[in-house]
Amino acid sequence: MRKSYRISNRFRFTVFVVLTIILLTTVINFALGLNTAASLTVQEYMDVEVKSGDTLWNIAQDYMPDDMDTRKAVFKLCSLNDISADQLYAGMTIQVPIYH
């Protein structure tokens, strides 16, 4: 003997099916990483030639965003170019990120 099921409320059943499909789609997108916008952005850089008397602090203040802390900007420039402040010399070219 086989048990048969009957839909007693068509509206509730439809809402259940729609919500289940939305939930499954969301879970699959999170699992596959399809919802990350950071992977779609590409950081652009510009080359800056260091002049005599320039410091990383001055370069960070000139080229980095105004709302960014200068200490963080100097750290970012150092890690991006794999240098420290004492390795900076005139004529050297460093990369600076472009913020839009």
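Quick caveat: nothing in here was measured; it's all calculated off a predicted structure.

**Focus on the overall build of the protein chain**
Okay, so step 1: Summing up its helical and strand segments, the protein chain has three helices and two strands in all.
Okay, so step 2: In the protein chain, the succession of helices and strands from N to C terminus is α-β-α-α-β.
Okay, so step 3: Its C-alpha atoms give the protein chain a radius of gyration of 27 Å, more than 25% over the compact-globule value 13 Å for 100 residues.
Okay, so step 4: In terms of its C-alpha atoms, the protein chain occupies a principal-axis envelope of roughly 90 × 25 × 20 Å.
Okay, so step 5: In the protein chain, which comprises 100 residues, the share counted as buried stands at 18%.
Okay, so step 6: Put simply, 59% of the contacts in the protein chain that link residues at least 6 apart link residues at least 24 apart.

**Here's the deal with the pattern of salt bridges**
If the charged atoms of two oppositely charged side chains come close together, the side chains can form a pair.
Okay, so step 1: For the structure shown, the criterion picks out one salt bridge.
Okay, so step 2: Measuring nitrogen to oxygen at the nearest pair gives 3.1 Å for the salt bridge that ties D69 to R71.
Okay, so step 3: For R71, a relative accessible area of 59% translates into the label exposed.

**Quick word on the environment of M92**
Okay, so step 1: Structurally, M92 can be placed in the loop between α3 (70–81) and β2 (93–98).
Okay, so step 2: Expressed as a C-alpha distance, the spacing of M92 and D47, which sit 45 residues apart in the sequence, is 9.9 Å.
Okay, so step 3: The residues contacting M92, other than those within four sequence positions of it, are V48, E49, V50, I83 and Q87.

**What to know about helix α2 (residues 56–63)**
Okay, so step 1: Among all positions in α2, only L56, I59 and A60 are buried. Each buried residue of α2 lies within a common arc of 100° when the element is viewed along its axis, so the set occupies one face.
Okay, so step 2: Considering only its buried residues, α2 is in contact with α3 and β2.

**Overview of helix α1 (residues 10–32)**
Okay, so step 1: Relative to the 33 Å expected for 23 residues at 1.5 Å per residue, α1 spans 33 Å between its end C-alpha atoms, a close match to the ideal helical length.
Okay, so step 2: The distance from a side-chain oxygen at the start of α1 to the backbone nitrogen of F11 is 3.2 Å, and the residue carrying that oxygen is N9.
Okay, so step 3: Phi for G33, located one or two positions after α1, is positive at around 75°.

**Topic: the environment of V96**
Okay, so step 1: The residue V96 is located in strand β2 in this model.
Okay, so step 2: Distance from V96 to L80, taken between C-alpha atoms, is 8.1 Å for residues 16 residues apart in sequence.
Okay, so step 3: Apart from residues lying up to four places away in sequence, V96 is in contact with E44, Y45, M46, V48, I59, Y63, M64 and L77.

**Quick notes on the side chain of N81**
Okay, so step 1: Tracing the sequence through the fold places N81 in helix α3.
Okay, so step 2: Accessibility expressed as a relative area gives 19% for N81, which makes it buried.
Okay, so step 3: Among the polar contacts listed, one links the side chain of N81 to the backbone oxygen of L77, at a separation of 3.0 Å.
Okay, so step 4: Within the structure, the side chain of N81 is placed 2.8 Å from the backbone nitrogen of Q95, a separation counted as a polar contact.
Okay, so step 5: The residues contacting N81, other than those within four sequence positions of it, are I94 and Q95.

**Details of the nonpolar core**
Okay, so step 1: Residues L56, I59, L77, L88, I94 and V96 are the most contacted members of the largest nonpolar core, which totals 15 residues.
Okay, so step 2: At the level of elements, α2, α3 and β2 are the ones that each hand at least two residues to this core.
Okay, so step 3: Considering every element that reaches this core, the biggest residue donor is α3, with four residues.

Calculation rules
Counting restarts for each chain: residues are numbered from 1 in the order of the written sequence. At least 70 in pLDDT is required for a residue's local features to be given in this predicted model, at least 80 for side-chain atom pairs to be given and counted, and no such filter applies to totals for whole chains, interfaces and linings, which use all residues. The side-chain quantities take in all heavy atoms of the structure and omit both hydrogens and water. In this text, helices come from DSSP runs of H or I with a minimum length of four residues, and strands from runs of E with a minimum of two, each type numbered from the N-terminal end. Only C-alpha atoms enter the radius of gyration; for comparison, a globular chain is expected to reach 2.2 Å times N to the power 0.38, where N is the number of residues. When accessible area is computed with a 1.4 Å probe and restricted to protein chains, residues below 20% of their type maximum are described as buried, those above 50% as exposed, and intermediate ones as partly exposed. Contact definition: two residues touch when any of their heavy atoms are within 4.5 Å. Every case where a carboxyl oxygen of Asp or Glu lies within 4 Å of a side-chain nitrogen of Lys or Arg is listed as a salt bridge. Regarding the arc, it is the one traced by the directions from the helix axis to the C-beta atoms. Helix span, expected: 1.5 Å multiplied by one less than the number of residues in the helix. Pairing of N or O atoms within 3.5 Å defines a polar contact, subject to two protein rules: one partner must be a possible hydrogen donor and the other a possible acceptor, and residues neighboring in sequence count only if both atoms are side-chain atoms. For the purposes of this section, nonpolar cores are sets of buried Ala, Val, Leu, Ile, Met, Phe, Trp, Tyr and Cys residues that join through side-chain atoms within 4.5 Å.

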